[in-house]
Amino acid sequence: MRFNNQDVPSDAQIISYKDGTIVVPDRPTIAYIEGDGIGPDLWKATKTVVEAAVAKTFGGKKKIDWYEIFAGEKAFKMFGSYLTDDSVEAIRNLKVAIKGPLTTPVGGGFRSVNVSLRQLLDLYACVRPVRWYKGVPSPVKEPQKLNVVIYRENTEDLYAGIEWKKDSPEAKKFIEIMKRDFNTNIRPDSGIGVKPISEFGSRRLIRMALKFAIENKRRSVTFMHKGNIMKYTEGAFKDYGYVETKENFAAQTITEADLGSNPRPKDKVLVNDRIADSMFQQVLLRPDEYDVIATPNLNGDYISDACAAQVGGLGMAPGANIGDNAAVFEATHGSAPKYANLDKANPCSLILSAKMMLDHLGWQAAGTLIENAIEKTIIQKTVTYDLARQMDGAKEIATSAFAKAIVDNM
Ligand code: NAD
């Protein structure tokens with residue numbers, strides 16, 4: 001195999017899928033994209049921490065071989081393209097990748113590389129766990145009460161990119177058809193966006209969320225939707241959720257309607273739904289009542305940032321884009337260009353994304369080691385600038401020093 005003029009070593013061990021389950025060799029080759037802006041600093045820190053955790057956990061029996069692929073500004077400099085076909089093919093072949101944040105070029109015609117990757121590889125679930133780590137400054141009184149995993153649909157909804165500018169021929173034609181064929185008036189100076197939500201797209205996302213909840217003994221799955229207003233898109237998403245639950249997970253789940261006022265049986269995952277706007281109140285007022293949240297694209301974007309803010313903000317927010325044949329792990333934040341190459345930014349989001357990657361590989365023990373070491377380091381109040389400025393008596397340290405402190409605490 002060879003991508004972007006770089007050989008994958010001939011003895012590389014490649015991850016595969018068998019009957020829908022990932023098969024991971026002891027020395028898998030994993031693709032990485034350094035990223036733009038703060039990306040290279042964060043990636044160096046992440047690599048240091050992951051290698052230490054894997055070595056400490058498996059004592060040489062398991063190891064990761066890294067293979068660099070190119071996207072963003074580095075790819076543009078080398079190949080004149082922000083995302084080469086080869087980079088996409090490399091992830092398709094190697095199955096698992098981790099990426100630093102990428103700057104979206106300003107100016108006409110560029111699609112976000114992040115969005116392109118998700119669509120080209122059909123990474124249909126954006127998974128964002130949000131929990132608080134002891135010592136992290138938070139704007140709420142009891143941040144420890146929030147511990148949710150958000151499953152956001154990644155390919156449909158208003159984010160599918162089907163939209164037309166006001167006065168464009170497409171918008172005008174659309175408005176005309178709506179008047180002529182559907183007797184519906186849309187103001188002539190309107191821009192148009194289309195919100196497709198399919199049964200297929202909804203059910204595969206919801207299936208992944210339910211599976212995760214059952215396998216990880218989580219307490220509940222909540223379908224977050226605005227179905228009281230958008231009945232045939234968001235409302236249908238919720239309905240598909242209950243159909244999926246009934247058809248494929250009846251034995252392991254119980255719906256709120258069936259439960260009534262009884263306590264939840266310990267061996268069953270509670271399934272319920274909530275209207276999107278009320279969900280924003282719920283995560284603030286009753287955070288401990290929620291666990292896994294499955295939701296369409298736009299809601300998922302909003303709720304994951306709102307939840308992240310409760311537990312310390314973007315510097316602590318990991319994420320993954322997962323499909324049936326590939327997965328790309330990435331921090332939720334962007335490339336923060338003003339901190340590029342200053343060895344200053346907080347690497348926790350990318351390190352915690354790597355922890356999700358280790359869980360995905362079935363190497364949970366190494367992931368847990370990382371999580372505990374991060375918490376210990378924050379409790380010791382040796383942290384990067386973003387946390388230090390919000391904590392009394394904290395010592396600000398560089399990204400690289402923070403990574404070293406995490407390793408020392410393993
Ligand atoms: P951003 O998330 O890059 O940064 C906003 C601010 O948040 C920064 O100025 C900084 O103060 C803070 N911040 C972010 N990450 C931090 C970290 N790890 N440690 C400490 N502080 C941190 O958002 P932006 O400035 O709107 O976007 C910059 C670029 O990143 C844009 O081109 C945008 O399109 C892109 N972006 C990429 C991704 C991605 O790759 N997944 C996601 C969001 C934005």
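In this report, the structure presented in the accompanying data block is examined. Here the structure is a predicted model, which means the values were calculated and not measured. (Residues numbered from 1 in each chain as written. Predicted model: local features only at pLDDT ≥ 70, side-chain atom pairs only at ≥ 80, totals over all residues. Heavy atoms only, no water.)

## Here's the deal with the packing of helix 1 (residues 39–58) against helix 14 (residues 399–408)
Thinking step 1. Where helix 1 contacts helix 14, the axes come no closer than 9 Å and their chain directions differ by 10°. On the basis of their axis angle, the class for helix 1 and helix 14 is roughly parallel. Taken together, the residues of helix 14 that come into contact with helix 1 (itself represented by D41, L42, A45, T48, V49, A52 and K56) are T399, A403, I406 and V407.
Thinking step 2. Across the contact of helix 1 with helix 14, the residue classes break down as seven nonpolar, two polar and two charged. (Axes fitted to C-alpha atoms, helices over the stretch in contact; angles between N-to-C directions. Helix = DSSP H or I, 4+ residues; strand = E, 2+ residues; numbered from the N terminus. Parallel < 35°, antiparallel > 145°, perpendicular 65-115°, else oblique. Contact = heavy atoms within 4.5 Å. Nonpolar A, V, L, I, M, F, W, Y, C, P; charged D, E, K, R; others polar.)

## Notes on the environment of F212
Thinking step 1. Structurally, F212 is set in helix 6 (residues 199–215).
Thinking step 2. Considered as a pair, F212 and V292 are 80 residues apart in the sequence and their alpha carbons are 8.6 Å apart.
Thinking step 3. Here F212 is in contact with V149, Y151, R218 and V292, once residues within four sequence places are set aside.

## A closer look at the site of the ligand
Thinking step 1. Taken together, 20 residues lie around the ligand, and L102, T104, G334, A336 and N346 are the ones closest in.
Thinking step 2. Here N114 contributes a side-chain N or O atom positioned 3.1 Å from an oxygen atom of the ligand.
Thinking step 3. Starting from 810 Å² of accessible surface for the ligand in isolation, the protein chains cover 69%. (Near = heavy atom within 4 Å. Polar contact = N/O pair within 3.5 Å; in protein donor to acceptor, adjacent residues only side chain to side chain. Areas by Shrake-Rupley, 256 points an atom, 1.4 Å probe, with all protein chains shown as cover.)

## Quick word on the side chain of D386
Thinking step 1. Along the chain, D386 turns up in helix 13 (residues 385–388).
Thinking step 2. In this structure D386 is buried but unpaired, with R389 as the nearest side chain of opposite charge at 6.9 Å.
Thinking step 3. In contact with D386, not counting residues within four places along its chain, are G315 and N346. (Buried < 20%, exposed > 50% of the residue type's maximum accessible area, 1.4 Å probe, protein only. Lys, Arg positive; Asp, Glu negative; His and termini not counted. Salt bridge = Lys/Arg side-chain N within 4 Å of Asp/Glu carboxyl O.)

## Side note on the environment of Y17
Thinking step 1. Considering the arrangement of structural elements, one finds Y17 in strand 3 (residues 16–18).
Thinking step 2. On the basis of relative accessible area, Y17 is assigned to the partly exposed category, the value being 22%.
Thinking step 3. Along the backbone, Y17 and N325 are 308 residues apart, and their C-alpha atoms lie at a distance of 7.0 Å.
Thinking step 4. What Y17 contacts, discounting residues up to four positions off in sequence, is I22, K95, D324, N325, A326 and H360.

## Brief notes about the nonpolar core
Thinking step 1. Within the largest apolar cluster, 85 residues are counted, with the highest numbers of intra-cluster contacts made by W66, I98, Y151, L358 and I378.
Thinking step 2. Contacts of W66, omitting those with residues within four sequence positions, involve I30, Y32, W43, K47, V50, E51, I98 and M357. (Core = buried A, V, L, I, M, F, W, Y, C linked by side-chain atoms within 4.5 Å.)

## Thoughts on helix 5 (residues 169–182)
Thinking step 1. Spanning 14 residues, helix 5 covers 19 Å between terminal C-alpha atoms, matching the ideal 20 Å at 1.5 Å per step.
Thinking step 2. Those residues of helix 5 that sit buried are A171, I175 and M178. Down the axis of helix 5, the sector holding all buried residues measures 60°, keeping them to one side. Residues of helix 5 that are exposed and point more than 90 degrees away from the buried face comprise P169, K173, E176 and R180.
Thinking step 3. Packed against the buried residues of helix 5 are strand 10 (163–164) and strand 11 (192–193). (Expected span 1.5 Å × (residues − 1). Arc of directions from axis to C-beta.)

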